[in-house]
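Residue strings, one per chain:
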Amino acid sequence: MPHADTLTVVHHDDTWTRFEDVRYQLHRDGIRIWSAEGEHAITDVLMTHAYRQREAAS
């Protein structure tokens, strides 16, 4: 399951919801997100932006 430091979900009405430090699963009915606040199921997804910051290699 992918992990994102920041995950932004853009909805069909051009609003957006941002989550931090989450795991997520995309499926054809939307996206399921697991965060510190609990589980979220969002079905009105236009697009998502997921960012993962990685530590620099030594």
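Everything below is about the structure shown above.
Summarised in this report is the structure supplied together with it. Keep in mind that this is a model prediction, so the values were computed, not measured. (Residues numbered from 1 in each chain as written. Predicted model: local features only at pLDDT ≥ 70, side-chain atom pairs only at ≥ 80, totals over all residues. Heavy atoms only, no water.)

**Some words on the pattern of salt bridges**
So, step 1. Summed over all chains, the structure comprises one salt bridge.
So, step 2. The shortest N-O distance in the salt bridge between Arg-32 and Glu-39 comes to 2.7 Å. (Salt bridge = Lys/Arg side-chain N within 4 Å of Asp/Glu carboxyl O.)

**Considering the nonpolar core**
So, step 1. The biggest cluster of nonpolar side chains holds nine residues, and these are Ala-4, Leu-7, Val-9, Phe-19, Val-22, Tyr-24, Ile-31, Ile-33 and Ile-42.
So, step 2. If you list the elements that add at least two residues to this core, you get β1 (3–11), β2 (16–27) and β3 (30–35).
So, step 3. Setting aside residues no more than four positions away along its own chain, Phe-19 makes contact with Asp-5, Thr-6, Leu-7, Val-9, Ile-33, His-40 and Ile-42. (Core = buried A, V, L, I, M, F, W, Y, C linked by side-chain atoms within 4.5 Å. Buried < 20%, exposed > 50% of the residue type's maximum accessible area, 1.4 Å probe, protein only. Helix = DSSP H or I, 4+ residues; strand = E, 2+ residues; numbered from the N terminus. Contact = heavy atoms within 4.5 Å.)

**Some details on the side chain of Ser-35**
So, step 1. Relative to the elements of secondary structure, Ser-35 occurs in strand β3.
So, step 2. A distance of 3.0 Å separates polar atoms of two side chains, one belonging to Ser-35 and the other to Glu-37.
So, step 3. Here His-40 takes part through its side chain, which lies 3.0 Å from a polar atom of the side chain of Ser-35.
So, step 4. Beyond its immediate sequence surroundings of up to four residues, Ser-35 is in contact with Asp-21, Val-22 and His-40. (Polar contact = N/O pair within 3.5 Å; in protein donor to acceptor, adjacent residues only side chain to side chain.)

**Thoughts on the environment of Met-1**
So, step 1. Positionally, Met-1 belongs in the segment before β1.
So, step 2. Take Met-1: its relative accessible area is 59%, and that puts it in the exposed class.
So, step 3. Sequence separation between Met-1 and Arg-23 is 22 residues; the distance between their C-alpha atoms is 6.4 Å.
So, step 4. The residues contacting Met-1, other than those within four sequence positions of it, are Arg-23, Tyr-24 and Trp-34.

**A word on the sheet that holds β2**
So, step 1. Spatial ordering of the open sheet is given by β4-β3-β2-β1-β5, a layout of five strands whose pairing is antiparallel. Strand pairing shows two members of the sheet lacking a second neighbour, β4 (38–42) and β5 (45–51), which therefore form its edges. Direction aside, neighbouring strands of the sheet carry axes that sit 45 degrees apart on average. (Pairing = 2+ DSSP bridges. Axes fitted to C-alpha atoms, helices over the stretch in contact; angles between N-to-C directions.)

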